[in-house]
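Descriptive analysis of the structure
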Protein chains: 2
Amino acid sequence: MLPVDTTQLLKGVLDLAVLAALRDEDGYGYDILRRLRTAGLGEVGDASVYGTLRRLFNAGLLTTYVVPSVEGPHRKYYSLNAAGRDELQRSGKIWHGFASTMDDLLRERETA
Amino acid sequence: MLPVDTTQLLKGVLDLAVLAALRDEDGYGYDILRRLRTAGLGEVGDASVYGTLRRLFNAGLLTTYVVPSVEGPHRKYYSLNAAGRDELQRSGKIWHGFASTMDDLLRERETA
DNA sequence: GGACACTACTTCGCATCGCGCACTACTGTG
DNA sequence: CACAGTAGTGCGCGATGCGAAGTAGTGTCC
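An account of the accompanying structure is given in this report. (Residues numbered from 1 in each chain as written. Chains lettered and ligands numbered in written order. Predicted model: local features only at pLDDT ≥ 70, side-chain atom pairs only at ≥ 80, totals over all residues. Heavy atoms only, no water.)

**Concerning the protein's contact with DNA strand C**
Surrounding DNA strand C, one finds 30 residues, the nearest of these being Lys11, Ser48 and Arg55 of chain A together with Arg75 and Lys76 of chain B. Here a phosphate oxygen of DNA strand C sits 3.4 Å away from a polar atom, N or O, in the main chain of Leu10 of chain A. Between a phosphate oxygen of DNA strand C and a side-chain N or O atom of Arg55 of chain A, the distance comes to 2.5 Å. Mapped by element, the contributors of at least two residues to the surface near DNA strand C are α1 (6-10) and α4 (46-58) of chain A together with α3 (29-39), α4 (46-58) and β3 (75-80) of chain B. Here the surface near DNA strand C takes four residues from α4 of chain A, the largest share from any one element. (Near = heavy atom within 4 Å. Polar contact = N/O pair within 3.5 Å; in protein donor to acceptor, adjacent residues only side chain to side chain. Helix = DSSP H or I, 4+ residues; strand = E, 2+ residues; numbered from the N terminus.)

**Regarding the protein's contact with DNA strand D**
The local shell around DNA strand D holds 30 residues, among which Arg75 and Lys76 of chain A together with Lys11, Ser48 and Arg55 of chain B are the closest. A share of 74% of the atoms of DNA strand D within 4 Å of the protein falls on sugar and phosphate groups. Tyr28 of chain A is positioned such that a nitrogen or oxygen atom in its side chain is 2.9 Å from a phosphate oxygen of DNA strand D. Arg54 of chain A is positioned such that a nitrogen or oxygen atom in its side chain is 3.2 Å from a phosphate oxygen of DNA strand D.

**Things to note about the relation of the copies chain B and chain A**
For the pair chain B and chain A, the superposition axis carries a translation of 0.0 Å, the fit reaches an RMSD of 0.1 Å, and the rotation angle comes to 179°. Here the symmetry operator amounts to a two-fold rotation axis. The rotation axis passes nearest to the C-alpha of Lys11 of chain B in chain B, at a distance of 3.0 Å. (Least-squares fit on C-alpha atoms with pLDDT ≥ 70 in both.)

Put into structure tokens, the structure is as follows:
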């Protein structure tokens, strides 16, 4: 598909979305996936979330701990650390700036 | 760079930005590049714009005509056609929906 | 007049990233 | 025992933006 589809829009924003999903509460991959879908990101794939968590962890923004579950497989919880919270704020600002720039572009008339 | 950078944010949105830049006035690649940068998309690369124009044209959203310039090389102008305007509207809505979802996520407290 | 800079466009190959698919593994149910 | 639901991993693909290089036309400066 050539025009705008959500898949492409997610690029670069999934990081931010996952950080945001972890802001108030630790979570494990499958759960974060549900949070994002509930929030409105319906088309997000499971592999994308796991991959993103991996990347954020490797970037030093998350800590992780495994909780063996009595009901079902083990759960790998992720938690925002200080760097993660910093990054969440920083990225959030970048996002807002970018979004408002785009809104201006879309709303632009020949004021210039 | 692992965290959010504008390059990744642009993914999928450049199409929309270029369509928007052409909404009020025809333009050629180099000029569109300037419009986008002026609008606030400072980091957009020239090759990206040309590539995007090519893609949008191949998708049937643009028409094009070459204007030989007296001062400098020829200019390949692009113009939105009906399909392009439709797509601009459609993509704009998708963008707004997506952006507001992200804003909710970022503003979310444990209201849920 | 030749080096340089600016405009304008094209092509090439690279890196990132989200995704679909397949696979493992554990639990509970029909 | 097969199957569905939960939970995680790995692999390869496709789309896309980007940097760098190249071509070409014009004007400027030494």
